[in-house]
Amino acid sequence: MKILFTGSEMAPLARTGGLGDVLEALPGALAARGHEVSVVIPCYRGFPEDTHLGVRSTGVEIPVSIGTKRVTAEILECTAPNGVQVFLVRADEYFDRASLYGEHGRAYDDNAERFIYFSRAVVELARRVMPPPDIIHVHDWQSALVPVLIKDRKLPFKTVLTIHNLAFQGSFWGLDFGLTHLPGHFFSASGVEYYGNLNLLKGGILYADAVTTVSERYAREIQTPEGGSGLDAVVRENAHKLTGILNGVDYSVWNPETDAMLPKHFTSRKLAGKKVCREALLEKCGLAPNPSGPVFVMATRLAEQKGITLLFPLLDRLLADDVRLVILGEGEPAYERELLLASRRHPERFAFRPSMEEPFVHLIYAGGDAFLVPSHFEPCGLGAMYALKYGALPVAHATGGLYETIQDYDPTNETGHGFLFYDYTSEALWDALIRVRLSFNDGPQWLSLQKRAMACDFSWKKAVPRYESVYERALHGA
């Protein structure tokens, strides 16, 4: 099949989380099975000048109408490290900015205009690509308008929408509907209108030929009032075209045996390198070496969803013990301040870095003993999959993809490879942390846990055939 992917991120070019990782790995996995795959993302600041990307002009310029304006999109291209062709939509007034979505904890005021423009540019590009794509696979709200535009114009493409996080819907005030150039009847209950607002993700759910989420459990959760973020009724009405597919991991990138960003490689059979990475992490963060307890790590977006508020009441209690804690993340300024103050109270035991630099993230997984994922909800939980491969045992709330990914440790039967808690409370998290501490004290037991964790296989080879099946059904109208 000929498949055109589009979204707002693609690692390693632009990444804020799992969306970028999927837009890197899934197209590469499909291309390896013989499909013709390309990706379209915005041309963000610095892309054309980055010599590593090898960006070149296609010579194509597309005038795109947006509201009362016409802004020309210059189409550039490069080749991703996995060999996939990447088209870049260059419009500097929209994408030549310091960040992808906003700065200083606040979204850009014109995000509706930016990504409506991007979606319209993608449709125009798809009309010009030769040979034309069979499937256009869009991701999250930033490109969710594409299926609506295609249905309106009766273009011969089938569309698939993947929802990575239903909480982010691209909801803007109703007057922004004029930017879409859609007929007025689309701004209705059967279109992109939702309680008077323009809701881009709702439009994608309604008009895509197929919808997927990033785990089977999350596909069920978003059909409930508790997990549907206000769109549960819309999701239930379209459940006939909804499929949950657990994300995979690109082990050519996330593998401690070959990871070029680590000071020392290691495997489940030879774990000496993990100790070197642990020491390197503590040294890099300026923490005291050789703790008697585990090194807890966390790499996350600092948002309420990620459960960071569960951890705040426990910080002083946790760090009274001889353990170490390293948290890497950016997000809510209030959360950053709270973590910074705690790190100053415990300078030898806790380090916080408001950063998500790629080498640092890899070192976090390699140097950590236990990886914290206390999320209120988690559609997939790629971070936990990475942590398992690097022998950092996940401590997680049993929700969404985390429940599918992590098997809770049972010391009676010696099964499991992580520590789950079921009530979304600080005390439930604390009980899980105590279980980690007790298991860590038993060296052979901890070693067995690490080996089971590192043996887990979440490669894309399981997910890709399921995506192929979704594409086939979309193409044949099933």
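Reading the values: the criteria
Residues numbered from 1 in each chain as written. Predicted model: local features only at pLDDT ≥ 70, side-chain atom pairs only at ≥ 80, totals over all residues. Heavy atoms only, no water. Helix = DSSP H or I, 4+ residues; strand = E, 2+ residues; numbered from the N terminus. Axes fitted to C-alpha atoms, helices over the stretch in contact; angles between N-to-C directions. Parallel < 35°, antiparallel > 145°, perpendicular 65-115°, else oblique. Contact = heavy atoms within 4.5 Å. Nonpolar A, V, L, I, M, F, W, Y, C, P; charged D, E, K, R; others polar. Phe/Tyr/Trp six-rings, centres within 6.5 Å; stacked < 30°, edge-to-face > 60°. Buried < 20%, exposed > 50% of the residue type's maximum accessible area, 1.4 Å probe, protein only. Lys NZ or Arg CZ within 6 Å of the ring centre and 35° of its normal. Salt bridge = Lys/Arg side-chain N within 4 Å of Asp/Glu carboxyl O.

Trainee: Describe in detail the environment of Pro12, supporting the description with residues and values.
Mentor: Counting through the fold element by element, Pro12 comes out in the loop between β1 (2-6) and α1 (18-32). Residues Pro12 and Glu24 lie 12 residues apart in sequence; the distance between their C-alpha atoms is 7.4 Å.

Trainee: Now, about the packing of helix α15 (residues 426-441) against helix α16 (residues 443-454): what can you tell me, with residues and values included?
Mentor: Relative placement of two packed helices is described by the angle separating their axes and the distance separating the axes. Contact pair α15 / α16: the axes reach a minimum separation of 5 Å and the direction vectors enclose 110°. Accordingly, the angle class assigned to the pair α15 and α16 is roughly perpendicular. Taking contact as the criterion, the partners of Val436, Ser439, Phe440 and Asn441 in α15 are, on α16, Gly443, Gln445, Trp446 and Leu449. Residues belonging to the contact of α15 with α16 are distributed by class as follows: 4 nonpolar, 4 polar and no charged.

Trainee: I'd love a proper account of the packing of aromatic side chains, names of residues and values included.
Mentor: Within the structure shown, the criterion is met by 24 aromatic pairs. Look at Phe419 and Trp446: their rings are 6.4 Å apart centre to centre, the planes differ by 15°, and that puts the pair in the stacked class. Of this pair, Phe419 sits in strand β20 (residues 419-421) while Trp446 sits in helix α16, and the two are 27 residues apart along the sequence. Take Phe419 and Trp446: they sit in the same class, and that class is buried. By the ring-pair criterion, three or more aromatic residues cluster together here, those being Tyr44, Phe47, Tyr94, Phe95, Tyr101, Phe115, Tyr117, Phe118, Trp141 and Phe172. The lysine or arginine in question, Arg217, covers the ring of Tyr403, its NZ or CZ lying 4.2 Å from the ring centre. Positioned above the aromatic ring of Phe360 is the side chain of Lys284, whose terminal nitrogen or guanidinium carbon lies 4.9 Å from the ring centre.

Trainee: Help me get a handle on the pattern of salt bridges, residues and values and all.
Mentor: Under the criterion given, the structure shown has 26 salt bridges. Note that Arg345 is salt-bridged to Asp316, the shortest N-O span being 3.2 Å. In this pair, Arg345 sits in helix α11 (residues 333-345) while Asp316 sits in helix α10 (residues 315-319), placing the two residues 29 residues apart along the sequence. Arg317 is paired through a salt bridge with Glu427; the nearest N and O atoms lie 3.1 Å apart. On the criterion of sequence distance, the pair formed by Arg317 in helix α10 and Glu427 in helix α15 is long-range, its members being 110 residues apart. Here Arg317 falls in the partly exposed class, since its relative accessible area comes to 36%. Residue class for Glu427 comes out partly exposed when judged on its relative accessible area of 43%.

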